[in-house]
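The residues making up each chain are set out below.
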Amino acid sequence: SVEVIMIGIRNNSKEVRSTEVWVNELRLVGFNEDGGVAAMANMVVGLSDLGTLSVGGHIETNGYGSLEQNVLDRRKDDLYQYNVGVNLELGKFFPEKAQAQIPLYYAFSQQINSPKYNPIDEDIELKAALASVDSKQERDSIRNLARDVETSHSINVSNVKFNIVSENPMPYDPANFTVGYSYSQTKAHETTIDHEWTKEHKGAFAYNYVLTPKPVEPLKKVKALRSNKFALIRDFNFYYLPTQISFSTNIDRYYYELQNRNMYSLLYPDLEMIELPKNVSKRFDWDRN
């Protein structure tokens, strides 16, 4: 971001002197080649026939880059990522004769980008900016402004059903009904954004009843149509009852909120802090088939 360099010459003597100063071929002589480190770990644990648990983490520190990248492309921040996921079959907690099917999935993840330099004062490293204040509240405020943090979690229970069917399938059999629900939420903030929220609820209900009525074949016994030449006409049939009755409905509720920071007020704290208006988006959909 440097656009101007100034060089001053000071005369420390008490005499007035005349001089001529030349600054020739001013240039950069090298790069800050301090390297960084990166690490990644993943673990998956099987919980018998109940499900699985997965945990993962990823770190990249300032100065890290691949072999193909030059110095300018290396990281200028510290990246921290971690996630946890659980996949369970809750139907195992029900009696076997209930034939319950209740798959549950839960996931949580967070990503933190901590820059090397304080974004409010780009000439100062973030560590130096935090060390320059004594109050914990001020340090937390600087850290909150400088970091880019995104946190998300979701829970999903889909295709929940009890696979109980009568010998002769009936409309009220539990296997005909299926329900589901999911919820997801994401929260983020960074230097220019006070907060950014996304929330979404989804619900589903479905009914599916398959009938097995016997087809009506009115021309099957007509003697004049017994020849194979009339097979297409003789085999004509229809059902007096439907072969399937199905119904489904899905509800989707979505909410989004964005609050930007007034950066002008941050750069000039003597001025009155003016909060910018929020941006809000809402959606509610209900589909039926």
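Given the structure is predicted, the values throughout are model-derived calculations rather than measurements.

*Asks:* Would you take a moment to explain helix α2 (residues 136–146) for this structure?
*Replies:* For the α-helix, the turn length of 3.6 residues means that residues three or four positions removed from each other point alike. Of the residues making up α2, those classed as buried are Ile142, Leu145 and Ala146. On an axial view of α2, the arc spanned by its buried residues comes to 95°, and they lie on one face. Pointing more than 90 degrees away from the buried face of α2 are the exposed residues Lys136 and Gln137. Check the buried side of α2 and you find it contacts β5 (103–115), α1 (126–131), β6 (148–162) and α4 (263–267).

*Asks:* Would you mind going over the side chain of threonine 178 with me for this structure?
*Replies:* Residue placement: threonine 178 occurs in strand β7 (residues 177–189). According to the relative accessible area criterion, threonine 178 is buried, its value standing at 17%. With near-sequence residues (within four places) excluded, threonine 178 lies in contact with Asn159, Val160, Lys161, Ala204, Phe205 and Ala206.

*Asks:* Before we go on, may I ask you to explain a nonpolar patch on the surface in this structure?
*Replies:* On the surface, Val2, Ile5, Ile7, Ile9, Val21, Val23 and Leu26 cluster together into a nonpolar patch covering about 740 Å² of accessible area. Mapped onto the fold, valine 2 is located in the segment before β1 (38–47). For valine 2, a relative accessible area of 69% translates into the label exposed.

*Asks:* How should the packing of aromatic side chains be read in this particular structure?
*Replies:* Here the distance between the centres and the angle between the planes together describe a pair of aromatic rings. This model, assessed by the stated rule, comprises six aromatic pairs. Arranged with centres 6.3 Å apart and planes meeting at 40°, the rings of phenylalanine 177 and phenylalanine 205 form a pair that is tilted. Pair noted here: phenylalanine 177 is in strand β7 and phenylalanine 205 is in strand β8 (residues 193–210), with a separation of 28 residues, a long-range link. Using a relative accessible area of 30% as the deciding quantity, one classes phenylalanine 205 as partly exposed. Seen in terms of ring centroids, phenylalanine 236 and phenylalanine 238 are 6.3 Å apart; in terms of plane orientation they differ by 40°. Their pairing is tilted. By relative accessible area, phenylalanine 236 is classed as partly exposed at 45%. Exposure remark for phenylalanine 238: the relative accessible area of 37% places this residue in the partly exposed category. An aromatic cluster is built from Phe177, Phe205, Tyr207 and Phe247, whose rings are joined through pairwise contacts.

*Asks:* Would you explain the environment of valine 21 in this entry?
*Replies:* Residue placement: valine 21 occurs in the segment before β1. A C-alpha to C-alpha distance of 8.4 Å links valine 21 and isoleucine 9, two positions 12 residues apart in sequence.

*Asks:* Explanation requested: the side chain of glutamine 259 in the structure shown.
*Replies:* With respect to the element layout, glutamine 259 can be found in strand β9 (residues 244–260). By relative accessible area, glutamine 259 is classed as buried at 3%. Not counting the four nearest positions on each side in its chain, glutamine 259 is found in contact with Ile193, Asp194, His195, Glu275, Leu276, Pro277 and Lys278.

*Asks:* What is the right way to read the pairing of strand β3 (residues 77–89) from this model?
*Replies:* Both faces of the sheet carry side chains from a regular strand, because those side chains alternate between them. In the sheet, strand β2 (residues 51–60) pairs with β3 via 10 bridges, with the strands oriented antiparallel. Bridge pairing in β3 places glycine 56 opposite asparagine 83. Note: β3 against β5, 13 bridges, orientation antiparallel. The residue bridging valine 84 from the neighbouring strand is phenylalanine 108, located in β5.

Analysis parameters
Residues numbered from 1 in each chain as written. Predicted model: local features only at pLDDT ≥ 70, side-chain atom pairs only at ≥ 80, totals over all residues. Heavy atoms only, no water. Buried < 20%, exposed > 50% of the residue type's maximum accessible area, 1.4 Å probe, protein only. Helix = DSSP H or I, 4+ residues; strand = E, 2+ residues; numbered from the N terminus. Arc of directions from axis to C-beta. Contact = heavy atoms within 4.5 Å. Patch = residues over 30% accessible without salt bridge, like charges linked within 9 Å, V, L, I, M, F, W, Y side chains within 5 Å. Areas by Shrake-Rupley, 256 points an atom, 1.4 Å probe, with all protein chains shown as cover. Salt bridge = Lys/Arg side-chain N within 4 Å of Asp/Glu carboxyl O. Phe/Tyr/Trp six-rings, centres within 6.5 Å; stacked < 30°, edge-to-face > 60°. Pairing = 2+ DSSP bridges.

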